[in-house]
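Descriptive analysis of the structure
Given next are the chains, with one letter for each unit.
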Amino acid sequence: MTPSAQFVPDYSLEINGTGVPTSLKSSIASITFDSGLNAADRVEIAVANPGLEWLQDHINGLGFLPFPTNVRLGPVQTPNFNGTGLFDMGNKINLSLGYTDTGTTDVFEGEITGIEVNLPPGGMPTMTIVAHNYLNRLAQGSYGRGFGPLPDAIIAAILSAENLLLPAIDPAISAGSTAIAVVNYIFNGSGRKQKAQTDLQLFKEIARAYDADFWVEGSTLIMSRFLFKDYSPSVTLNWGESLIEFAPRISTVGAVFGVGAKFTLREIPLSFMVTVSWNLDTQSLAINVVPGASAAYMKSLIGPLLTVINRPISSPVDIVKSAIFLTRKLRDKINNRLTATATAVGDPGLVANAVVQFNGVGPDFSGNYRITNAHHVIDSSGYHTKFKVRKEILP
């Protein structure tokens, strides 16, 4: 390895499984890759376009031709009768990022979803190719339908399959949703409904009901509460070396130490308060149940609370849903108490949901954090990654 090869950015870009032509690669001005939790990953490829070279051929999928060029049978699309082009909508995109001395790492698999063209009056014409990973398929169209007594895990699998994705559902969600579906059908006689929603909106609704995250890896749609997640750091960054900028923020303004809900039993005139709190000193979880009349005194016992008023209970399902609801609220508050933004030397391992370890930033701010959003850029200035993290206390 020569010294000049160290930290020289490199990338591999394929369209429909074939490396892009040399003429296109030499025209690429920058590549950005965005990765986020519970959202579709996005890639933008900015191309210099002198003489409008890359606009000379028709781009299928823009909808400008007055006649159909192919037939779509459900989610399956037949070959295009008008031929295929390099930048056709739906063309498969694969992107790897890295360095010439260490090689590249696969970071993105998706499809072209947009083209942006800029023709300035006195500058270089440019074209930007936009691609999203396969999660974008769930955002196309909205539907109204019912799923009867089916458990939410099965519904999530159906949504995945309908969009040509392989489902990977956390067993904890599968078991919990099956039990809830049985009890819910016995007491309420109904199941989940899709109410003029996109598949993505319904999928988010299901994930939130079980305090779960979801993301796509290749052609697999993952919904996870505990399984499939990293809990040990995959990347270590040292201040003054690979960690260029680090800005943690923590504030006690508006902070809460627990969440509570006041429940009412319909059958009898009785209400009670359930609180779930986290002790920052002992790092322990506490659950308290008191009569509704005593709710006003909980702040003096626990500290600041986020209180939800009156959740009626008519079946055991309501109890389970309320427990998940309280846990989700507590995790949201506690895990977002310490957040940070950072900039590092470009690293393809810095993606949403990964765990990163910071060293050399003091005893309070060093340690492991979970990445919630990452923005990778390769351009004439090199390769760098800006990202957001949170200190995850409750998994």
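Here is a short report on the structure shown in this document. Model, not experiment: these values are computed from the prediction. (Residues numbered from 1 in each chain as written. Predicted model: local features only at pLDDT ≥ 70, side-chain atom pairs only at ≥ 80, totals over all residues. Heavy atoms only, no water.)

**Examining the sheet that holds strand S14 (residues 220-224)**
Rule in force here: Two strands are said to pair when DSSP picks up at least two bridges between them. Secondary structure follows DSSP: runs of H or I at least 4 residues long count as helices, runs of E at least 2 residues long count as strands, and numbering of each begins at the N terminus. The convention used is that axes are lines fitted to C-alpha atoms, helices contributing only their stretch in contact, and that angles between N-to-C directions extend from 0 to 180 degrees.
Strand order in the open sheet made by the three strands is S11-S14-S13, with mixed pairing throughout. Looking at the sheet topology across the chains shown, the edges are occupied by strand S11 (166-169) and strand S13 (213-217). When the angles between neighbouring strand axes are averaged without regard to direction, this sheet yields 20°. Relative to S14, S11 runs parallel, the two being bridged by four bridges. In the strand pairing of S14, Pro167 is matched with Leu221.

**Here's the deal with the pattern of salt bridges**
As a reminder, the rule being used: Any Lys or Arg side-chain nitrogen found within 4 Å of a carboxyl oxygen on Asp or Glu counts as a salt bridge. Three exposure classes are used, based on accessible area relative to the maximum for each residue type with a 1.4 Å probe and protein chains only: buried under 20%, partly exposed in between, and exposed over 50%.
Under the criterion given, the structure shown has twelve salt bridges. We note a salt bridge from Arg42 to Glu44, for which the minimum N-O separation is 2.6 Å. The class for Arg42 is partly exposed, based on a relative accessible area of 25%. By sharing partners, the salt bridges in this structure join Arg42, Glu44 and Glu116 into a single network.

**Here's the deal with the packing of aromatic side chains**
Aromatic ring pairs are defined here through the distance separating the ring centres and the angle between the ring planes. Formally: Here a Phe, Tyr or Trp ring, Trp counted by its six-membered ring, pairs with any other such ring whose centre lies within 6.5 Å, and the pair is stacked when the planes are under 30 degrees apart, edge-to-face when over 60, and tilted otherwise.
Applying the stated criterion across every chain yields a total of eight aromatic pairs. Here the aromatic rings of Phe246 and Phe358 are separated by 4.5 Å at their centres, their planes lie at 45°, and the arrangement is tilted. Pair noted here: Phe246 is in strand S16 (residues 243-250) and Phe358 is in strand S22 (residues 355-359), with a separation of 112 residues, a long-range link. Given a relative accessible area of 14%, Phe246 falls into the buried group. Overall, the relative accessible area of 0% leaves Phe358 in the buried class. Relative to Phe387, the ring of Phe358 has its centre 6.2 Å away and its plane inclined at 10°; by these criteria the two rings are stacked.

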